[in-house]
Amino acid sequence: MAGAQEVVRAADIVCTDSEQRDEMPAKNINCLEDSVLKKIFSYLKAEDLVTTIRYVCPYWRKLIYTDDLWEQVSFCPPGYMSDKEVIKFIRHMPRIKSITILHSRDIETLMDALCACCWDVRKIIVRCKASLNHAMIRRTLKTFPNLTTFEVMISGSKLYLDYAKAYAKQLRARTLKTIQRSRDFSINKTVSRRRCILQCIIITCKMTSQMFKILCTVKYLKLLFVYNIDKDVFSIDIKPLENLQHLESLQLVHFKNSRWCKSASVLTGNVLFLKLTKLEIIDAGPMVSSAVNYLLRRCPNLKLLNLQENNFTDSLLEDVSFCKDLEYLDVSNNGQLTNRFIENIADNCRKLNFLDISNCSLMTDKFILILQTCRDLEVLHLEGSNFMGLYFHCIPFLYPKLAELNVKHFECMFVIYDIKMEMPHLRVKNCTCMQDEKIGLKFDDVLLA
(Lines give C-alpha, C1' and ligand atoms only; values in the text may rest on other atoms or scores of the structure.)
Protein backbone atom coordinates (compact mmCIF):
# COMPACT_ATOMS: atom_id res chain seq x y z
CA MET A 1 0.00 0.00 0.00
CA ALA A 2 2.89 2.36 0.72
CA GLY A 3 4.13 1.98 -2.85
CA ALA A 4 0.72 2.84 -4.23
CA GLN A 5 0.52 5.95 -2.05
CA GLU A 6 3.86 7.18 -3.40
CA VAL A 7 2.64 6.79 -6.96
CA VAL A 8 -0.54 8.68 -6.11
CA ARG A 9 1.41 11.54 -4.51
CA ALA A 10 3.47 11.80 -7.70
CA ALA A 11 0.32 12.76 -9.61
CA ASP A 12 0.27 16.47 -8.72
CA ILE A 13 -2.38 17.31 -11.27
CA VAL A 14 -5.34 15.06 -11.97
CA CYS A 15 -6.15 14.76 -15.64
CA THR A 16 -9.51 13.97 -17.18
CA ASP A 17 -8.65 13.45 -20.86
CA SER A 18 -5.72 13.22 -23.23
CA GLU A 19 -5.86 16.89 -24.29
CA GLN A 20 -5.41 18.09 -20.70
CA ARG A 21 -2.55 15.64 -20.30
CA ASP A 22 -0.71 17.12 -23.28
CA GLU A 23 -0.92 20.61 -21.76
CA MET A 24 0.58 19.60 -18.43
CA PRO A 25 4.10 20.61 -17.40
CA ALA A 26 6.88 18.10 -17.96
CA LYS A 27 7.30 17.50 -14.25
CA ASN A 28 3.92 15.77 -13.96
CA ILE A 29 3.81 11.98 -13.95
CA ASN A 30 0.86 11.97 -16.36
CA CYS A 31 3.11 13.33 -19.11
CA LEU A 32 4.69 9.90 -19.36
CA GLU A 33 3.70 7.53 -22.13
CA ASP A 34 0.98 4.99 -21.41
CA SER A 35 3.47 2.14 -21.64
CA VAL A 36 5.72 3.79 -19.04
CA LEU A 37 2.84 4.37 -16.63
CA LYS A 38 1.74 0.76 -17.00
CA LYS A 39 5.28 -0.41 -16.30
CA ILE A 40 5.28 1.65 -13.09
CA PHE A 41 1.91 0.23 -12.09
CA SER A 42 3.14 -3.32 -12.74
CA TYR A 43 5.51 -3.04 -9.76
CA LEU A 44 2.56 -2.48 -7.41
CA LYS A 45 0.49 -5.20 -5.81
CA ALA A 46 -2.70 -6.22 -7.60
CA GLU A 47 -4.83 -5.21 -4.63
CA ASP A 48 -3.27 -1.70 -4.65
CA LEU A 49 -4.27 -1.23 -8.27
CA VAL A 50 -7.97 -1.73 -7.57
CA THR A 51 -8.15 -0.06 -4.15
CA THR A 52 -5.96 3.02 -4.72
CA ILE A 53 -4.67 3.65 -8.22
CA ARG A 54 -8.00 3.38 -10.02
CA TYR A 55 -9.48 6.16 -7.86
CA VAL A 56 -6.80 8.77 -8.70
CA CYS A 57 -8.40 9.97 -11.95
CA PRO A 58 -10.46 8.71 -14.89
CA TYR A 59 -7.34 8.35 -17.02
CA TRP A 60 -5.58 6.12 -14.50
CA ARG A 61 -8.78 4.12 -14.06
CA LYS A 62 -8.79 3.52 -17.82
CA LEU A 63 -5.18 2.30 -17.74
CA ILE A 64 -5.89 -0.05 -14.87
CA TYR A 65 -8.41 -2.02 -16.92
CA THR A 66 -6.15 -2.89 -19.86
CA ASP A 67 -5.03 -6.41 -20.70
CA ASP A 68 -1.36 -5.61 -21.24
CA LEU A 69 -1.03 -4.27 -17.66
CA TRP A 70 -2.50 -7.40 -16.09
CA GLU A 71 -0.15 -9.58 -18.10
CA GLN A 72 2.59 -8.16 -15.87
CA VAL A 73 0.70 -8.37 -12.55
CA SER A 74 -0.04 -11.44 -10.42
CA PHE A 75 -2.54 -11.55 -7.56
CA CYS A 76 -1.33 -13.37 -4.45
CA PRO A 77 -3.77 -12.70 -1.57
CA PRO A 78 -1.84 -11.75 1.60
CA GLY A 79 -2.38 -13.58 4.86
CA TYR A 80 -4.61 -10.98 6.48
CA MET A 81 -7.29 -11.32 3.77
CA SER A 82 -10.30 -13.48 4.46
CA ASP A 83 -11.92 -15.49 1.69
CA LYS A 84 -14.71 -12.91 1.43
CA GLU A 85 -12.18 -10.12 0.95
CA VAL A 86 -10.33 -12.13 -1.69
CA ILE A 87 -13.57 -12.68 -3.60
CA LYS A 88 -14.31 -8.96 -3.39
CA PHE A 89 -10.93 -8.16 -4.96
CA ILE A 90 -11.42 -10.81 -7.67
CA ARG A 91 -14.66 -9.12 -8.71
CA HIS A 92 -12.69 -5.93 -9.37
CA MET A 93 -10.03 -7.77 -11.40
CA PRO A 94 -11.89 -9.09 -14.47
CA ARG A 95 -8.73 -8.94 -16.62
CA ILE A 96 -6.45 -10.74 -14.19
CA LYS A 97 -4.09 -13.23 -15.86
CA SER A 98 -2.29 -14.86 -12.92
CA ILE A 99 -3.32 -15.80 -9.38
CA THR A 100 -1.51 -17.75 -6.64
CA ILE A 101 -3.46 -18.97 -3.58
CA LEU A 102 -1.40 -19.99 -0.55
CA HIS A 103 -4.20 -20.24 2.03
CA SER A 104 -7.97 -20.52 2.00
CA ARG A 105 -10.75 -21.95 4.10
CA ASP A 106 -12.95 -22.69 1.09
CA ILE A 107 -10.99 -23.03 -2.14
CA GLU A 108 -14.08 -24.17 -4.06
CA THR A 109 -15.83 -20.85 -3.38
CA LEU A 110 -12.78 -18.87 -4.47
CA MET A 111 -12.51 -20.81 -7.71
CA ASP A 112 -16.23 -20.34 -8.33
CA ALA A 113 -15.80 -16.56 -8.01
CA LEU A 114 -12.77 -16.63 -10.31
CA CYS A 115 -14.70 -18.49 -13.02
CA ALA A 116 -17.69 -16.16 -12.68
CA CYS A 117 -15.86 -12.81 -12.66
CA CYS A 118 -12.71 -13.17 -14.75
CA TRP A 119 -12.35 -13.48 -18.50
CA ASP A 120 -8.98 -14.83 -19.54
CA VAL A 121 -6.92 -16.24 -16.67
CA ARG A 122 -3.71 -17.89 -17.89
CA LYS A 123 -2.10 -19.11 -14.66
CA ILE A 124 -3.68 -20.54 -11.48
CA ILE A 125 -1.56 -22.00 -8.66
CA VAL A 126 -3.19 -23.39 -5.50
CA ARG A 127 -0.60 -24.20 -2.83
CA CYS A 128 -2.78 -24.57 0.27
CA LYS A 129 -2.86 -28.40 0.34
CA ALA A 130 -6.49 -28.36 -0.74
CA SER A 131 -7.94 -30.26 -3.69
CA LEU A 132 -10.80 -29.37 -6.02
CA ASN A 133 -13.63 -31.64 -7.06
CA HIS A 134 -13.61 -32.86 -10.65
CA ALA A 135 -16.59 -30.71 -11.63
CA MET A 136 -14.74 -27.53 -10.62
CA ILE A 137 -11.59 -28.63 -12.46
CA ARG A 138 -13.60 -29.23 -15.64
CA ARG A 139 -15.37 -25.91 -15.28
CA THR A 140 -12.10 -24.03 -14.81
CA LEU A 141 -10.50 -25.63 -17.88
CA LYS A 142 -13.62 -24.86 -19.93
CA THR A 143 -13.95 -21.27 -18.68
CA PHE A 144 -10.32 -20.39 -19.37
CA PRO A 145 -9.35 -22.09 -22.67
CA ASN A 146 -5.99 -20.25 -22.78
CA LEU A 147 -4.92 -21.58 -19.39
CA THR A 148 -1.26 -22.66 -19.46
CA THR A 149 -0.80 -23.46 -15.73
CA PHE A 150 -3.45 -24.85 -13.39
CA GLU A 151 -1.61 -26.42 -10.46
CA VAL A 152 -3.65 -27.93 -7.65
CA MET A 153 -3.35 -30.91 -5.30
CA ILE A 154 -4.74 -34.17 -6.64
CA SER A 155 -7.72 -35.38 -4.65
CA GLY A 156 -6.75 -38.19 -2.28
CA SER A 157 -3.01 -37.66 -2.64
CA LYS A 158 -0.24 -35.32 -1.53
CA LEU A 159 0.91 -34.37 -5.01
CA TYR A 160 0.35 -31.27 -7.10
CA LEU A 161 -0.66 -31.76 -10.72
CA ASP A 162 -0.70 -29.15 -13.47
CA TYR A 163 -4.12 -29.93 -14.94
CA ALA A 164 -3.68 -27.37 -17.70
CA LYS A 165 -0.68 -29.19 -19.14
CA ALA A 166 -2.38 -32.55 -18.62
CA TYR A 167 -5.83 -31.82 -20.03
CA ALA A 168 -5.98 -28.43 -21.78
CA LYS A 169 -6.93 -28.86 -25.45
CA GLN A 170 -4.31 -26.48 -26.83
CA LEU A 171 -1.51 -28.47 -25.11
CA ARG A 172 -2.82 -31.96 -25.89
CA ALA A 173 -0.41 -32.58 -28.77
CA ARG A 174 2.57 -31.95 -26.49
CA THR A 175 1.34 -34.22 -23.68
CA LEU A 176 1.68 -37.96 -23.15
CA LYS A 177 -0.69 -39.52 -20.58
CA THR A 178 -0.49 -43.26 -19.96
CA ILE A 179 -2.45 -45.17 -17.33
CA GLN A 180 -1.48 -48.55 -15.82
CA ARG A 181 -1.64 -50.64 -18.99
CA SER A 182 1.68 -49.30 -20.30
CA ARG A 183 4.37 -51.59 -21.69
CA ASP A 184 7.94 -50.80 -22.72
CA PHE A 185 7.13 -51.41 -26.37
CA SER A 186 4.10 -49.10 -26.51
CA ILE A 187 5.93 -46.36 -24.60
CA ASN A 188 8.93 -46.62 -26.92
CA LYS A 189 6.69 -46.46 -30.00
CA THR A 190 4.76 -43.42 -28.74
CA VAL A 191 7.83 -41.52 -27.57
CA SER A 192 9.69 -42.22 -30.81
CA ARG A 193 6.81 -40.85 -32.87
CA ARG A 194 6.34 -37.66 -30.79
CA ARG A 195 9.81 -37.10 -29.32
CA CYS A 196 10.29 -33.73 -31.08
CA ILE A 197 7.07 -32.15 -29.75
CA LEU A 198 6.55 -33.79 -26.35
CA GLN A 199 6.87 -31.40 -23.43
CA CYS A 200 4.78 -33.13 -20.75
CA ILE A 201 4.69 -36.79 -19.67
CA ILE A 202 2.25 -38.06 -17.03
CA ILE A 203 2.44 -41.78 -16.46
CA THR A 204 1.33 -44.26 -13.81
CA CYS A 205 2.23 -47.91 -14.31
CA LYS A 206 4.60 -50.67 -13.27
CA MET A 207 7.76 -48.76 -14.02
CA THR A 208 10.88 -50.50 -15.28
CA SER A 209 14.40 -49.22 -15.74
CA GLN A 210 14.11 -49.55 -19.52
CA MET A 211 10.84 -47.63 -19.62
CA PHE A 212 12.26 -44.84 -17.49
CA LYS A 213 15.29 -44.61 -19.77
CA ILE A 214 12.98 -44.22 -22.76
CA LEU A 215 11.09 -41.39 -21.09
CA CYS A 216 14.34 -39.55 -20.44
CA THR A 217 15.23 -39.49 -24.13
CA VAL A 218 12.73 -36.67 -24.74
CA LYS A 219 15.31 -33.92 -24.79
CA TYR A 220 12.99 -30.90 -24.47
CA LEU A 221 10.71 -32.37 -21.82
CA LYS A 222 9.41 -29.77 -19.33
CA LEU A 223 7.18 -31.83 -17.02
CA LEU A 224 7.74 -35.42 -15.91
CA PHE A 225 5.21 -37.07 -13.56
CA VAL A 226 5.88 -40.77 -12.82
CA TYR A 227 3.80 -42.78 -10.36
CA ASN A 228 5.14 -46.29 -9.93
CA ILE A 229 2.32 -48.63 -8.87
CA ASP A 230 4.68 -51.57 -8.31
CA LYS A 231 6.51 -50.69 -5.09
CA ASP A 232 8.33 -54.03 -5.09
CA VAL A 233 9.92 -53.66 -8.51
CA PHE A 234 13.51 -54.90 -8.38
CA SER A 235 15.40 -51.87 -9.64
CA ILE A 236 14.91 -48.62 -11.56
CA ASP A 237 17.94 -46.69 -12.72
CA ILE A 238 17.12 -42.97 -12.53
CA LYS A 239 20.51 -41.81 -13.75
CA PRO A 240 19.06 -40.92 -17.23
CA LEU A 241 17.46 -37.87 -15.63
CA GLU A 242 20.74 -36.15 -16.50
CA ASN A 243 19.48 -35.85 -20.09
CA LEU A 244 16.52 -33.64 -19.15
CA GLN A 245 18.19 -30.29 -18.69
CA HIS A 246 15.09 -28.40 -19.89
CA LEU A 247 12.96 -29.93 -17.14
CA GLU A 248 10.77 -27.50 -15.17
CA SER A 249 8.84 -29.98 -13.00
CA LEU A 250 9.90 -33.43 -11.76
CA GLN A 251 7.57 -35.68 -9.72
CA LEU A 252 8.52 -39.24 -8.72
CA VAL A 253 6.41 -41.47 -6.45
CA HIS A 254 7.18 -44.96 -5.05
CA PHE A 255 10.76 -45.39 -6.27
CA LYS A 256 11.78 -47.36 -3.19
CA ASN A 257 14.09 -49.83 -4.89
CA SER A 258 15.52 -47.39 -7.42
CA ARG A 259 19.23 -46.95 -7.71
CA TRP A 260 21.58 -44.13 -8.58
CA CYS A 261 25.35 -44.47 -8.77
CA LYS A 262 26.78 -43.93 -5.28
CA SER A 263 29.61 -41.79 -6.58
CA ALA A 264 29.11 -38.05 -6.61
CA SER A 265 30.59 -38.04 -10.09
CA VAL A 266 27.33 -39.46 -11.41
CA LEU A 267 26.41 -35.89 -12.33
CA THR A 268 29.13 -34.16 -14.27
CA GLY A 269 30.09 -30.59 -13.49
CA ASN A 270 28.27 -29.40 -16.62
CA VAL A 271 24.90 -30.92 -15.69
CA LEU A 272 22.64 -28.19 -14.32
CA PHE A 273 18.86 -28.06 -14.07
CA LEU A 274 18.53 -24.30 -14.36
CA LYS A 275 14.87 -24.41 -15.38
CA LEU A 276 13.72 -26.84 -12.69
CA THR A 277 11.41 -25.00 -10.28
CA LYS A 278 9.33 -27.88 -8.86
CA LEU A 279 10.70 -31.12 -7.39
CA GLU A 280 8.50 -33.73 -5.68
CA ILE A 281 9.96 -37.06 -4.59
CA ILE A 282 7.65 -39.10 -2.37
CA ASP A 283 8.22 -42.51 -0.80
CA ALA A 284 11.69 -42.94 -2.28
CA GLY A 285 14.28 -45.55 -1.47
CA PRO A 286 17.72 -45.02 0.12
CA MET A 287 19.57 -44.76 -3.20
CA VAL A 288 17.24 -42.04 -4.51
CA SER A 289 17.50 -40.29 -1.14
CA SER A 290 21.28 -40.18 -1.42
CA ALA A 291 20.98 -38.69 -4.92
CA VAL A 292 18.66 -35.87 -3.84
CA ASN A 293 21.58 -33.89 -2.44
CA TYR A 294 23.34 -33.91 -5.80
CA LEU A 295 20.10 -32.92 -7.50
CA LEU A 296 19.49 -30.00 -5.13
CA ARG A 297 23.00 -28.73 -5.71
CA ARG A 298 22.20 -28.42 -9.41
CA CYS A 299 18.77 -26.77 -9.09
CA PRO A 300 19.55 -23.18 -8.05
CA ASN A 301 16.15 -21.85 -9.17
CA LEU A 302 13.99 -24.36 -7.29
CA LYS A 303 10.83 -22.84 -5.77
CA LEU A 304 8.81 -25.90 -4.65
CA LEU A 305 10.35 -28.88 -2.85
CA ASN A 306 8.13 -31.73 -1.65
CA LEU A 307 9.99 -34.62 0.02
CA GLN A 308 7.35 -36.05 2.31
CA GLU A 309 7.00 -39.71 3.25
CA ASN A 310 10.75 -40.38 3.06
CA ASN A 311 13.49 -41.18 5.54
CA PHE A 312 15.85 -38.25 4.97
CA THR A 313 18.48 -37.17 7.47
CA ASP A 314 20.01 -33.71 7.95
CA SER A 315 23.13 -34.68 5.98
CA LEU A 316 21.11 -36.05 3.04
CA LEU A 317 19.43 -32.64 2.62
CA GLU A 318 22.33 -30.34 3.47
CA ASP A 319 22.55 -29.11 -0.13
CA VAL A 320 19.13 -27.50 0.12
CA SER A 321 21.29 -24.48 0.95
CA PHE A 322 21.83 -24.03 -2.81
CA CYS A 323 18.10 -23.35 -3.31
CA LYS A 324 18.11 -19.68 -2.37
CA ASP A 325 14.74 -18.98 -4.06
CA LEU A 326 12.84 -21.78 -2.32
CA GLU A 327 9.28 -20.71 -1.38
CA TYR A 328 7.46 -23.98 -0.63
CA LEU A 329 8.98 -26.77 1.47
CA ASP A 330 7.26 -29.95 2.63
CA VAL A 331 9.37 -32.46 4.58
CA SER A 332 6.54 -33.97 6.60
CA ASN A 333 6.89 -37.56 7.82
CA ASN A 334 10.69 -37.51 7.76
CA GLY A 335 11.30 -38.70 11.29
CA GLN A 336 15.09 -38.29 11.29
CA LEU A 337 15.24 -34.56 10.53
CA THR A 338 16.32 -32.35 13.45
CA ASN A 339 16.79 -28.67 14.26
CA ARG A 340 20.03 -28.76 12.31
CA PHE A 341 17.99 -28.96 9.11
CA ILE A 342 15.96 -25.92 10.21
CA GLU A 343 19.22 -24.01 10.81
CA ASN A 344 20.23 -24.74 7.23
CA ILE A 345 16.87 -23.47 5.95
CA ALA A 346 17.03 -20.33 8.10
CA ASP A 347 20.50 -19.44 6.83
CA ASN A 348 19.88 -20.01 3.13
CA CYS A 349 16.16 -20.11 2.23
CA ARG A 350 14.84 -16.81 3.51
CA LYS A 351 12.12 -16.45 0.85
CA LEU A 352 10.19 -19.38 2.32
CA ASN A 353 6.43 -18.80 2.67
CA PHE A 354 5.18 -22.40 3.18
CA LEU A 355 6.69 -24.96 5.56
CA ASP A 356 5.36 -28.37 6.58
CA ILE A 357 7.37 -30.25 9.24
CA SER A 358 4.53 -32.47 10.44
CA ASN A 359 5.58 -35.68 12.19
CA CYS A 360 9.25 -34.70 12.31
CA SER A 361 9.53 -36.07 15.82
CA LEU A 362 13.18 -35.14 16.47
CA MET A 363 12.59 -31.42 16.04
CA THR A 364 12.03 -29.34 19.16
CA ASP A 365 10.19 -26.12 20.00
CA LYS A 366 13.42 -24.20 19.49
CA PHE A 367 12.88 -24.35 15.72
CA ILE A 368 10.59 -21.31 16.11
CA LEU A 369 13.54 -19.18 17.23
CA ILE A 370 15.92 -20.69 14.68
CA LEU A 371 13.61 -20.02 11.73
CA GLN A 372 13.03 -16.34 12.50
CA THR A 373 15.00 -15.16 9.45
CA CYS A 374 12.11 -16.42 7.29
CA ARG A 375 9.84 -13.49 8.07
CA ASP A 376 7.76 -14.01 4.91
CA LEU A 377 6.40 -17.31 6.23
CA GLU A 378 2.62 -17.47 5.68
CA VAL A 379 1.74 -21.15 6.22
CA LEU A 380 3.15 -23.45 8.92
CA HIS A 381 2.07 -27.08 9.43
CA LEU A 382 3.02 -28.88 12.65
CA GLU A 383 0.72 -31.91 12.67
CA GLY A 384 1.47 -34.76 15.05
CA SER A 385 4.83 -33.44 16.26
CA ASN A 386 6.07 -33.49 19.85
CA PHE A 387 6.06 -29.76 20.44
CA MET A 388 5.36 -28.40 23.93
CA GLY A 389 4.57 -24.80 22.95
CA LEU A 390 7.57 -23.33 24.81
CA TYR A 391 8.34 -20.60 22.26
CA PHE A 392 4.97 -20.36 20.52
CA HIS A 393 4.30 -17.00 22.17
CA CYS A 394 7.04 -15.56 19.89
CA ILE A 395 5.18 -16.44 16.70
CA PRO A 396 3.27 -13.11 16.36
CA PHE A 397 6.52 -11.14 16.58
CA LEU A 398 8.79 -13.41 14.53
CA TYR A 399 6.32 -14.25 11.75
CA PRO A 400 4.02 -11.24 11.26
CA LYS A 401 2.74 -12.53 7.88
CA LEU A 402 1.67 -15.94 9.18
CA ALA A 403 -1.85 -16.65 7.90
CA GLU A 404 -2.33 -20.37 8.58
CA LEU A 405 -1.11 -22.54 11.44
CA ASN A 406 -1.91 -26.24 11.40
CA VAL A 407 -1.50 -27.70 14.89
CA LYS A 408 -3.42 -30.92 14.48
CA HIS A 409 -2.99 -33.18 17.54
CA PHE A 410 -1.42 -30.32 19.51
CA GLU A 411 -2.45 -30.55 23.19
CA CYS A 412 -1.54 -27.11 24.61
CA MET A 413 -4.44 -25.26 23.05
CA PHE A 414 -4.27 -22.41 25.56
CA VAL A 415 -1.04 -21.34 23.83
CA ILE A 416 -2.88 -21.17 20.53
CA TYR A 417 -5.61 -19.03 22.07
CA ASP A 418 -2.96 -16.51 23.14
CA ILE A 419 -1.56 -16.41 19.60
CA LYS A 420 -5.04 -15.82 18.21
CA MET A 421 -5.43 -12.83 20.49
CA GLU A 422 -2.29 -11.28 18.97
CA MET A 423 -3.08 -12.40 15.39
CA PRO A 424 -6.87 -12.33 14.87
CA HIS A 425 -6.49 -12.96 11.13
CA LEU A 426 -4.62 -16.24 11.74
CA ARG A 427 -6.40 -19.41 10.59
CA VAL A 428 -5.77 -22.19 13.10
CA LYS A 429 -6.49 -25.76 12.07
CA ASN A 430 -6.55 -28.38 14.81
CA CYS A 431 -8.19 -31.68 15.63
CA THR A 432 -8.17 -33.84 18.74
CA CYS A 433 -8.73 -37.17 17.00
CA MET A 434 -5.82 -39.02 15.41
CA GLN A 435 -6.15 -40.01 11.78
CA ASP A 436 -3.68 -41.97 9.74
CA GLU A 437 -3.23 -40.42 6.33
CA LYS A 438 -1.32 -42.61 3.94
CA ILE A 439 -0.44 -41.54 0.45
CA GLY A 440 -2.27 -43.66 -2.05
CA LEU A 441 -2.87 -42.14 -5.45
CA LYS A 442 -5.40 -44.01 -7.58
CA PHE A 443 -4.67 -42.26 -10.79
CA ASP A 444 -7.86 -43.44 -12.47
CA ASP A 445 -9.79 -41.36 -9.95
CA VAL A 446 -8.29 -38.11 -11.18
CA LEU A 447 -8.80 -38.66 -14.88
CA LEU A 448 -11.22 -36.26 -16.51
CA ALA A 449 -13.67 -37.13 -19.20
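Look a little higher up for the structure.
In this report, we go over the structure that sits alongside the text. Just so it is clear, the structure is predicted and the values come from calculations on it, not from any experiment.

1. So, the environment of Leu63
Working step 1: For Leu63, the location among the structural elements is in helix 5 (residues 58-64).
Working step 2: Under the relative-accessibility criterion, Leu63 is labelled buried at 4%.
Working step 3: Taking the C-alpha atoms as reference points, Leu63 and Ser35, separated by 28 residues in sequence, lie 9.5 Å from one another.
Working step 4: Once you skip the residues sitting within four places of it in the chain, Leu63 turns out to touch Asp34, Leu37, Lys38, Phe41 and Leu69.

2. Regarding the environment of Asp314
Working step 1: Residue placement: Asp314 occurs in the loop between strand 11 (304-306) and strand 12 (328-330).
Working step 2: The exposure class of Asp314 is buried, given its relative accessible area of 11%.
Working step 3: Along the backbone, Asp314 and Asn344 are 30 residues apart, and their C-alpha atoms lie at a distance of 9.0 Å.
Working step 4: With sequence-adjacent residues up to four places away left out, Asp314 is seen in contact with Gln336, Leu337, Thr338, Arg340 and Phe341.

3. Some remarks on the environment of Asn339
Working step 1: The topology assignment puts Asn339 in helix 14 (residues 339-348).
Working step 2: Exposure remark for Asn339: the relative accessible area of 12% places this residue in the buried category.
Working step 3: As for Asn339 and Cys360, which are separated by 21 residues in sequence, their C-alpha atoms are 9.8 Å apart.
Working step 4: Here the side chain of Asn339 touches Thr364 through a polar contact of 2.6 Å, side chain to side chain.

4. Some thoughts on the layout of surface pockets
Working step 1: When its volume is computed, the largest pocket comes out at roughly 1,000 Å³.
Working step 2: Together, 35 residues line the largest pocket, and Cys76, Thr100, Ile125, Glu327 and Asn353 are the ones closest to its centre.
Working step 3: Partitioning the lining of the largest pocket into residue classes produces 11 nonpolar, eight polar and 16 charged.

Cut-offs and rules
- Residues numbered from 1 in each chain as written.
- Predicted model: local features only at pLDDT ≥ 70, side-chain atom pairs only at ≥ 80, totals over all residues.
- Heavy atoms only, no water.
- Helix = DSSP H or I, 4+ residues; strand = E, 2+ residues; numbered from the N terminus.
- Buried < 20%, exposed > 50% of the residue type's maximum accessible area, 1.4 Å probe, protein only.
- Contact = heavy atoms within 4.5 Å.
- Polar contact = N/O pair within 3.5 Å; in protein donor to acceptor, adjacent residues only side chain to side chain.
- 1 Å grid on protein atoms, 1.4 Å probe; cavity = no way out; pocket = protein on both sides within 12 Å on 5 of 7 lines; lining within 4 Å.
- Points joined across faces, edges and corners; volume = space filled by probe spheres on them.
- Nonpolar A, V, L, I, M, F, W, Y, C, P; charged D, E, K, R; others polar.

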